[in-house]
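Breakdown of the fold
Each chain, written out:
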Amino acid sequence: MGEDPGSEVAEQSSAVVTATFESGLPGLTTAQLALFQEGRLAFEEEEDASDGLGPVFNGNSCATCHVQGAIGGAGEIVETRFGKKNADGSFDPLAQNGGSLIQTTGIGQTSPLCNFTGEVVPAAANVVSGRLTTPLFGLGLVDAVPDSTFLNLASVQRQYYPSTAGRANLVDNPPLGKKTVGKFGWKAQVPSLLVFAADAYLNEMGITSSIFPTDNCPNGDCELLASCDPVPDSQGPEDEGDVDMLKFRDFMQLHAPPPRGPSTPDSIDGEDLFYWIGCTDCHEPSLTTGTNSIAALNKKTFFPYSDFLLHDMGPLGDGIVQNGAGANDIRTAPLWGARVRTRFLHDGRAHNVRDAILAHAGQGKAARDLFANYLFEDERVAIIAFINTL
């Protein structure tokens, strides 16, 4: 369980299926498909305190948040990030107060003297922002794109589109012991699906792993954690060690990208307009994976409509400085699967595609202004129709 799916050489499943939001990657072997399905069961499993859940957490299973389209999709849950912008402009994540992510729920009374409750934004915080649950479909393809691709893409943008050029975020990759390109999270703060799984396991469910072996101190109260944690960190990684973390990785790595919806005359026109107003400066239509031991991920071209780079979004930024990303920096959100989304942008403020476009600012302002002020209404409708086929 959780072993490298690429080590399997069993024959490919012969079943012919129509791609859905629930599908594994096309071309998986029978063994790899079994890993994908086993990973989904772990993704849906509800944890409790005996498994190491908490002592503070946001959900007792991954599927609590990732539900739209299918298990693994986006959601409507908006989590809270906070921090303090100092007078000199520097940012303090208020780690001493449990920052910068709020865990909303505690496991409750564990002894007469110990009661774990959900965290609250501390009084010292003057920056508070929401973070919307992101979809996980197709991320194994993104993970399999070489770092050089993103570095080169940023270089090309600087050369040809300097006003909208993004940058790759180089972040610590603990399993590799070096910095690599961040690809995941609203701030491109996570470098791989393995680290993504471990990070979510810790910060969303409060369960440790060999990658992140220390629980979060509730609102920064490490004395409470030391004296009252029902599953102390000294016992090693919680919940069967790293087994579930690897299953989460397998589920995300082997999940197919969202299937495209049917084209319409409007959407066909809208695709041309999408290019023309400059949306593809950031929403890169296609990427290609590198050499990979998993055949379904080996040198595959896919269509996420994102460059996975950080862009300065000006007042649309969330004010949080995190893992090399500045206060105004936001990673370009992939547009594939947009047709099943009900909220958009990092804080979920937009409830439809039109409002999401109109909220663009900073490096997205020029395309936004063309959409809002230059196009006719039927052309705006066409662009929205195109995005709603992705």
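The structure this text deals with has already been given above.
Residues numbered from 1 in each chain as written. Predicted model: local features only at pLDDT ≥ 70, side-chain atom pairs only at ≥ 80, totals over all residues. Heavy atoms only, no water.

Glancing now at unusual backbone geometry. For the bond running from Gly54 to Pro55, omega is 10 degrees, close enough to zero to count as cis. Mapped onto the elements of the fold, Pro55 is located in the loop between helix 1 (30-44) and strand 1 (56-57). Residue Ser100 is reached from Gly99 by a cis peptide bond, and omega for that bond is 5 degrees. Its location among the elements puts Ser100 in the loop between strand 3 (91-92) and strand 4 (105-106). With phi around 45 degrees, Asn323 is a residue other than glycine that occupies positive phi space. Looking at the secondary structure, you find Asn323 in the loop between strand 12 (310-312) and strand 13 (329-331). (Helix = DSSP H or I, 4+ residues; strand = E, 2+ residues; numbered from the N terminus.)

Buried residues dominate strand 7 (residues 127-132), accounting for five of its six residues. As paired elements, strand 2 (residues 78-85) and strand 7 share six bridges and run antiparallel to each other. The residue of strand 7 that forms the bridge with Thr80 is Gly130. (Buried < 20%, exposed > 50% of the residue type's maximum accessible area, 1.4 Å probe, protein only. Pairing = 2+ DSSP bridges.)

Quick look at the sheet that holds strand 2 now. One open sheet holds the three strands; their spatial order is 3-2-7, and the pairing between them is antiparallel. Two strands bound the open sheet, and with one partner strand each, they are strand 3 and strand 7. Alignment of strand 2 against strand 3, held across two bridges, turns out to be antiparallel. Paired with Lys84 across the bridge in strand 3 is Asp92.

By themselves, these are just geometric observations and shouldn't be taken as functional.
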